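Listed here are the chains, written in short residue letters.
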Amino acid sequence: MDYSPALPPELKDRLARLYRADEEQAVADLLPQAAFDPQLLRQAQDRAASWIGKIRAHKKALPGIAEMLSHFSLDTKEGIALMCLAEALLRIPDAATADALIRDKMTAADFEAHLGQDTPWTLRAASWALNLTGRISGAHEDGHGSASAMLGLLAGKLGHGAVREAIRMAMRWLGDQFVIGHDIDAAIMRANKISDARTRYSYDMLGEGARTAEDAERYYQSYLNAIDATASNNLLYPGHAPSGISVKLSALHPRYEAAQAERVYAELVPRLVALAEASARHDIFMVVDAEEADRLLLSLGVIEKTLETAKLGAWTGFGLAVQAYQKRAPAIIDAAAHFAQKFQRRMVVRLIKGAYWDTEIKRAQERGWDEFPVYTRKMTTDVSYLACARDVAGAW
């Protein structure tokens, strides 16, 4: 049985052709679609300048994390170290692995080097502490008599556990800037406090990725609970932009991979159908999140089968996320438009930059590929994003 989506042959060919297309040629093809006329560009620049001015003028909207990230941007090893720690450290259960991660990410970083004379003292203190942590963690790698070795003696007295817990606390604070709540009720409560009538949220579950059937069932029940909670909150604020949920397909099945397509169709599709029907009953949007590139055709097939099977009435809230850093992004938008036409249903498209860049690059390198399924530079992803935004606007 063929489990690939039933797309027109020319669209299937385009998806295959763009999978690992030459990056330079792919961007050249997108440039005309991404180009702005001078007037539109000035309008965008003026709006961006206005937003930045308002944010800077409103001190409460510029928390300490914004200052920290402005000094340690993601094009520096210090910024990358902070982001990696914030993402990974809180999910590591054992002390030995946490210590190894801290050593790996902190010892090569120099947090004080990025500070200027006008840097707030709080940020200077934080930077000094991060440097200290890095030197303590890497003390065993330094020669005898070095400053780092002396700090290592200090760590021996305090215990690496103390260092680990201190950095964990810092990472919890850092993660709190990006994670709105530990569960759906906490997330909704916080969102109600910080948002206005124009703000729309798409709630998802962190740590998604089922490893067992029990994991998949737990995530499924969490999504059902999130649908109920989000819908109830929408009813409390009828004048506000309604919020919805995002669903990760790999959270709904422990073997979400092309080799297990038969199982995925038999076991996962009914769950996605049930979630879609629940979202339709409550009239909230539900967006299927993007997965890694090698799961794309499986995801499109699951989406197609769900739209074919589910009883959704006149609901217009079903959608999918499209990663602009994937070279196939324009073809994915065309696939969504094809589904919309085939099933006579308006679809939601959430255009994002992408979330699995490191994984995609590493997998491609392991396989010895000359070209990657994703763009390798931010500027080329930006071109793709602008071109895809125009495609989405033109498709509906």
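A quick note: this is a predicted structure, and the numbers were derived from the prediction, not measured. (Residues numbered from 1 in each chain as written. Predicted model: local features only at pLDDT ≥ 70, side-chain atom pairs only at ≥ 80, totals over all residues. Heavy atoms only, no water.)

(A) Spatial organisation of the overall build of the protein chain. Counting secondary structure elements, the protein chain contains 16 helices and 5 strands. A buried classification covers 43% of the 396 residues belonging to the protein chain. Relative to all contacts within the protein chain whose residues are 6 or more apart in sequence, the contacts with residues 24 or more apart total 74%. Accessible surface computed for the protein chain: about 21,400 Å², of which carbon and sulfur atoms make up 55%. (Helix = DSSP H or I, 4+ residues; strand = E, 2+ residues; numbered from the N terminus. Buried < 20%, exposed > 50% of the residue type's maximum accessible area, 1.4 Å probe, protein only. Contact = heavy atoms within 4.5 Å. Areas by Shrake-Rupley, 256 points an atom, 1.4 Å probe, with all protein chains shown as cover.)

(B) Up close: the packing of aromatic side chains. As enumerated under the stated definition, the model contains 3 aromatic pairs in all. A centroid spacing of 5.8 Å and a plane angle of 10° characterise the contact between tyrosine 201 and tyrosine 203, whose relative ring orientation is stacked. Exposure remark for tyrosine 203: the relative accessible area of 6% places this residue in the buried category. With a centroid separation of 6.4 Å and 85° between ring planes, the pair formed by tryptophan 315 and phenylalanine 318 is classed as edge-to-face. Taking the relative accessible area as the measure of exposure, tryptophan 315 reaches 5% and is therefore buried. Above the ring of tyrosine 219, the side-chain terminus of arginine 218 is found at 5.5 Å from the ring centroid. (Phe/Tyr/Trp six-rings, centres within 6.5 Å; stacked < 30°, edge-to-face > 60°. Lys NZ or Arg CZ within 6 Å of the ring centre and 35° of its normal.)

(C) Broad picture of the pattern of salt bridges. For the coordinates displayed, the defined rule picks out 16 salt bridges. Arginine 363 serves as the salt-bridge partner of aspartate 294, at 3.3 Å between the closest nitrogen and oxygen. One end of the pair, aspartate 294, is in the loop between strand 3 (286-288) and helix 13 (296-309); the other, arginine 363, is in helix 15 (residues 357-366), and 69 residues separate them in sequence. Note on arginine 363: relative accessible area 27%, which makes it partly exposed. (Salt bridge = Lys/Arg side-chain N within 4 Å of Asp/Glu carboxyl O.)

(D) Region of the structure containing the sheet that holds strand 2 (residues 244-247). Strand order in the open sheet formed by 5 strands is 1-2-3-4-5, with parallel pairing between adjacent strands. Each end of this open sheet is capped by a strand with a single partner; those strands are strand 1 (202-203) and strand 5 (348-352). Pairing analysis gives 2 bridges linking strand 1 to strand 2, with the strands arranged parallel. Paired with serine 202 across the strands is glycine 244, a residue of strand 2. Against the sheet, helix 11 (residues 213-236) engages strand 1 and strand 2, with an angle of about 165° to strand 2. (Pairing = 2+ DSSP bridges. Axes fitted to C-alpha atoms, helices over the stretch in contact; angles between N-to-C directions.)

(E) Region of the structure containing a nonpolar patch on the surface. Together, Phe36, Leu40, Leu41 and Leu386 make up an exposed nonpolar region whose accessible area comes to about 290 Å². Of note, leucine 386 is situated in helix 16 (residues 378-395). Residue leucine 386 is classed as partly exposed on the basis of its relative accessible area of 30%. (Patch = residues over 30% accessible without salt bridge, like charges linked within 9 Å, V, L, I, M, F, W, Y side chains within 5 Å.)

(F) Highlighting unusual backbone geometry. Phi is positive for aspartate 283, close to 55°, though the residue is something other than glycine. Here aspartate 283 falls in the exposed class, since its relative accessible area comes to 57%. The backbone of glutamine 344 sits at a positive phi, close to 50°, despite the residue not being glycine. On the secondary structure map, glutamine 344 appears in the loop between helix 14 (329-342) and strand 5.

(G) The nonpolar core, seen in detail. Judged by nonpolar contacts, the single largest core of 74 residues is most densely connected at Tyr223, Leu272, Met286, Val302, Phe318 and Leu320. At 11 residues, helix 12 (residues 261-282) tops the list of elements feeding residues into this core. For leucine 272, the residues in contact, after removing those within four places along its chain, are Val247, Leu249, Leu252, Met286, Val288, Val302 and Thr306. (Core = buried A, V, L, I, M, F, W, Y, C linked by side-chain atoms within 4.5 Å.)

(H) Just helix 15, in detail. For helix 15, the full list of buried residues reads Glu360, Ile361 and Ala364. Down the axis of helix 15, the sector holding all buried residues measures 95°, keeping them to one side. In helix 15, the exposed positions angled more than 90 degrees off the buried face are occupied by Lys362 and Glu366. With its phi angle positive at about 75°, glycine 368 sits one or two positions after the end of helix 15. (Arc of directions from axis to C-beta.)

(I) Spatial organisation of the pairing of strand 2. Sheet topology places strand 2 next to strand 3; 3 bridges connect them, and they run parallel. Bridging from a neighbouring strand, isoleucine 245 pairs with methionine 286 of strand 3. This β-α-β element, strand 2 to helix 12 to strand 3, shows right-handed connectivity. (Right-handed = clockwise from strand over helix to strand, strands pointing away.)

(J) Up close: helix 11. Over its 24 residues, helix 11 extends 35 Å from the first C-alpha to the last, a length consistent with the 34 Å expected when each residue adds 1.5 Å. Residues Asp215, Ala216, Tyr219, Tyr220, Tyr223, Ala226, Ile227, Ala229, Thr230, Ala231, Asn233 and Asn234 constitute the buried set of helix 11. In the core, the buried residues of helix 11 are packed alongside helix 10 (184-194), strand 1, strand 2 and helix 12. (Expected span 1.5 Å × (residues − 1).)

(K) View of the pairing of strand 4 (residues 318-323). Within strand 4, 6 of the 6 residues are buried, which leaves it mostly tucked inside the rest of the structure. Burial along strand 4 is two-sided: Phe318, Leu320 and Val322 and Gly319, Ala321 and Gln323, pointing in opposite directions, are all buried. Here strand 3 pairs with strand 4 via 3 bridges, running parallel. Opposite methionine 286, over in strand 4, you have phenylalanine 318 as the bridge partner. Chirality of the crossover, the property in question, places the unit of strand 3, helix 13 and strand 4 among those that are right-handed.

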